[in-house]
Amino acid sequence: MSVDMGEGWHVGRKDGGSEWKGGPYTWPQLIDFAAEGRLTADDLVWHPSMSEWLPARDIPGLFAQVEPAPAPQPAPAPEPVAAPEPTPVAAPAPAPAPVAEPAPEPAPTPAQTASVPPAPPREPGRGWLIAIAAIAGVVLLAGIGTGAWYLFGRGDGGGGPKLGVAEVKLPDATTLVQTEWGEVPAGQIVVMVTDDGRRKDAEKLAAELNGSVVGELEFGGLYQIEFPGKTEADLVAALDTASANEKMALAFPNQQSYLDAEIWGVRVDPYDDPIYGEGAGDGYKAIGVGQAWTYIKGAGIELTEVKVGVTDSGIYKPGDGAENEFDGNNVKLEFTDGEEGELNGPNTYDDGSVNEAGSHGTGVSTIIGGDPDNGGPSGVAGPLGNKMKISVTNIFSNRYGDTTSTPDPDDPTKYTHTDGKTYAFGDLIALKKQVEGKAKVINCSWGNAEAHPATAAAYKKFFEKMAEEHPDVLFVCSGGNTGAQIDGSKRYPSGLALPNMITVGAVDNDGKLAEYSSKASPNYEVTLAAPGTQAVVGMKDAGGSVRQDGTSFAAPHVTAAAAMLKALNPELQAGDIKRILTETARTAITTGDKTVNAPAETGGKILAIDQAVLKVINDLRKAKGMPEFTKESLEQRGVIDAVAITGSPGEYTVKGIVKAAGDKGADITIDVWAENSAVGGKTTQSVGASGGEVSWGVTLPEDKGTIRVKRSDNGAASLITIEKININGAWSGNFTITDITIIDQEAAEDEGCVLPLLKALEGQVFPMNMDVSVDEGGQGSAVVVIDASSMNEEGESGNNEPQTWDVSYTGTTIIFTPQDPGGISSLSSVVSRSGNNLVQKGAMS
């Protein structure tokens, strides 16, 4: 017979009444399986070009290059069985030699089956072969204790690198015991073979333990061994036996991983505008998120597509027409394991309360890529839009762990998902799958700080191998929420001083170390810090947005920053991105008049996205022989200012101001949303490369409306909101001297006013209060007190007497004119809303 040397090969075996299958594989993979003993001469092989399943020995060339060696005993000759029922029965993963018969597998539901290769013609005595063909496309998603999920292949077909065989069996919940390493299965261990070790060495160890190999991660030489252990003593004995085996580099229990969040939150009042008020947005300002996007817009660089991986607890994305953060032309979502990544209801905590953000994974993902324009949480990298895709893996799904789902009694189509368990071995396979799916930045907001040292060592070897073989993939990990120094020999997956890993600590929005943030130690790197307190997370229509704390929400700030750099320059390797983010990080944060040094416990550095973006932009320009941008020049190219100047009631002159544009200039467009409004002149006007001003006459009969002025070259825009606000009442704030100019120098000197002395007052801030009363026409008066006692040598209050000023209020502009000038001619301000407050900002002369 002729042999197809391409793809599409399937294999199968029946051991002691149980059946397994695998495929499709390539011809070189079959050769490897035969050489490794995973495929025996008695196993069955099928290809779409063949009319029937055949023993592997009958496939020409399959065993030709396999050196004779003592082979595992072949499976017993199969007994003829009847053809299967219409619902296929799933089976355990292939084993290289017959092992003890596994527990029966439950039949998959229709949603768990995939397409299958065509069954070969029925022949006498081959009924069980037909059963294998019938299940060739089955993906088993069984529960803990009765099933497992297997990927007996070398890549998931996601278009990325192929990282070899991956198979995992979830532990039976009844075998979990409490140990010094937490709750672990008493009958499972994980081993890593030495550099010259192979699967057969793990199988020999398994036989010595009266067990079998039930899982494998070929990338890293890791094997999951199941044996009849019932107690902690049984587990310790197995670990001792494995550690003494010269072919085993490491042996450790199959520990659980935990999400890095000590979550608490207060619902944000949906009428509190904006949701980043009360300090929640200070962190974004501190790390320069808005400035970074100004630079990107100003640079005019065409962004490339980037995929970000999120390994977490899945995403709750409400449907049925609900608006959420990943609709329309925004950041796209994909799920590595289909429906298991997208939750059909919110997660709950152990006490039964509901996670208002939807889930931990929802919170992480919205910080990375939430829609910045829909009124919900604004993702740090959200403006990338459809240039970014977030690939979600639910590590608590029944592929990697376990969770329970309870139907909502009010809506049977929805479920509540209780936080479950996820295990170290399966989590490695989840990371492998993200890399195979071409994710270049992978967020890991989870871990275990009380791990068996061999578990942490195995993870270290995994990331070292990734750094060597896939240096373009960056792993961003949360540092943990212990509030103490971390022993790196007991923590995974974070804290490694590797070029492909960034470990993130948390600071409050003012730059101070968050009390819950884990701290660096000699063997645990915390690379830098990012805001983790009062993080605004959740879906707009999934119950609203909430604020939650934890390093889990600091890490996605860095993940988003890395994605932005990768979108600017796709040639950047993981080590390049880590270097840029650390070199450009801030060593101090200034908020108001306070400066806080970056905490030494988190590397002495705080993420500065604006500075990192500026560096990448200028590095690209230098490579092309172009001059570097300054912050000022780049900002001017990336923004547009707009102002509305009031005239007669209902009449405004609106200006769009551009200080710099690209070589081709820019079109400037005005949009007005108001009843019976009118715009005089062309709605789109142009400015040249050096910028300029454009203006329009706008009529708003009710002195109410929203005006947007937008530039075409980069999408930058400014919004003007005009409404008739009731300004009557008490106001409090500050009067700040920003600039002093003396027009008549001689007269000033006659009055004893010396410019150098007056200049010393610039920057001084004085408390200011006013009580305003105006009629329906906007005319009235205000009683004003400016507390300038700090100017007096002894803090006297003699110059703090109340003053009466006349008030004229038109549109949004308020003009104050002192009745007794005393050196002040007028104060002009514009009133607007900020959250629940009214704000006046203006200038006094």
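See above for the structure.
Everything numeric here is computed off the predicted structure, so don't read it as measured data. (Residues numbered from 1 in each chain as written. Predicted model: local features only at pLDDT ≥ 70, side-chain atom pairs only at ≥ 80, totals over all residues. Heavy atoms only, no water.)

A. Focus on the packing of helix 8 (residues 424-436) against helix 9 (residues 453-469). Interaxial distance between helix 8 and helix 9 falls to 11 Å at its minimum, and their mutual angle equals 10°. Between helix 8 and helix 9, the crossing angle belongs to the class labelled roughly parallel. Across the interface between the two elements, A424, D427, L428, L431, K432 and V435 of helix 8 pack against T455, Y459, F462, F463 and M466 of helix 9. (Axes fitted to C-alpha atoms, helices over the stretch in contact; angles between N-to-C directions. Helix = DSSP H or I, 4+ residues; strand = E, 2+ residues; numbered from the N terminus. Parallel < 35°, antiparallel > 145°, perpendicular 65-115°, else oblique. Contact = heavy atoms within 4.5 Å.)

B. Inspection of the pattern of salt bridges at higher detail. Applying the stated criterion across every chain yields a total of 25 salt bridges. With its nearest N and O atoms 2.7 Å apart, the salt bridge here joins E334 to K307. Note that E334 is positioned in strand 16 (residues 332-335) and K307 in strand 14 (residues 306-312), a separation of 27 residues in sequence. Across the salt bridge formed by D337 and K433, the nearest N and O atoms sit 2.7 Å from each other. Of this pair, D337 sits in the loop between strand 16 and strand 17 (342-343) while K433 sits in helix 8; the two residues are 96 residues apart in sequence, bridging distant segments of the chain. Classification of D337 as buried rests on a relative accessible area of 7%. With relative accessibility at 10%, the residue K433 sits in the buried group. The structure contains a network of salt bridges with shared partners spanning E167, R199, E203 and E216. (Salt bridge = Lys/Arg side-chain N within 4 Å of Asp/Glu carboxyl O. Buried < 20%, exposed > 50% of the residue type's maximum accessible area, 1.4 Å probe, protein only.)

C. Focus on the environment of T455. Relative to the helices and strands, T455 is located in helix 9. On the accessibility criterion, T455 (0% relative accessible area) is buried. For T455 and V191, which are 264 residues apart along the polypeptide, the C-alpha to C-alpha distance reads 9.3 Å. When neighbours within four sequence positions are excluded, T455 is seen to be in contact with F252, P253, Q255, A424 and Y492.

D. Seen up close, the packing of helix 10 (residues 551-568) against helix 12 (residues 609-623). One can describe the packing of helix 10 onto helix 12 by two numbers: an axis separation of 10 Å at closest approach and a directional angle of 15°. Classified by the angle their axes make, helix 10 and helix 12 are roughly parallel. Relative to helix 12, helix 10 is oriented so that their crossing is right-handed. Where helix 10 approaches helix 12, its residues H557, A561, M564, L565 and L568 are matched on the opposing element by I609, A612, V613, V616, I617 and L620. (Left-handed = near helix turned anticlockwise from the far one by under 90°.)

E. Representation of unusual backbone geometry within the structure. Following Y492, the chain continues into P493 via a peptide bond in cis, with omega recorded as 0°. Structurally, P493 is set in the loop between strand 24 (474-478) and strand 25 (501-507). Residues other than glycine seldom take positive phi values, yet N210 does so here, at roughly 60°. Along the chain, N210 turns up in the loop between helix 3 (199-208) and strand 10 (212-217). Its relative accessible area of 63% is what places N210 among the exposed residues. One non-glycine residue, N676, lies in the positive phi region at around 60°.

F. Inspection of the nonpolar core at higher detail. Of all hydrophobic cores here, the largest spans 67 residues; its most connected members are L384, M388, M564, L581, I609 and V613. Here the element with the most residues in this core is helix 10; it accounts for twelve residues. Ignoring sequence-local partners within four residues, the contact set of M564 consists of A292, W293, I296, V380, A381, L384, I609 and V613. Residues F219, I395, L431 and I442 belong to the second largest nonpolar core, which totals 38 residues. (Core = buried A, V, L, I, M, F, W, Y, C linked by side-chain atoms within 4.5 Å.)

G. Spotlight on the sheet that holds strand 14. Spatially, seven strands are ordered 16-19-14-22-24-25-26 in an open sheet, and the strand pairing comes out parallel. Single-partner strands in this sheet number two, and they are strand 16 and strand 26 (528-531). Between one strand axis and the next, the sheet turns through 30° on average, direction left out of account. Two elements, strand 14 and strand 22 (residues 441-444), share four bridges in a ladder whose sense is parallel. In the sheet register, V308 faces strand 22, and the bridge partner there is V441. Each of strand 24, strand 25 and strand 26 is contacted by helix 11 (residues 574-583), which is oriented at about 30° to strand 25, the strand it contacts most. (Pairing = 2+ DSSP bridges.)

H. Structural view of the pairing of strand 7 (residues 176-179). Two strands pair when backbone bridges link them, and strand 7 and strand 8 (residues 182-185) are joined in this way by four bridges, in the antiparallel orientation. If you follow L176 over to strand 8, its bridge partner there is P185. What sits between the antiparallel neighbours strand 7 and strand 8 is a turn of two residues.

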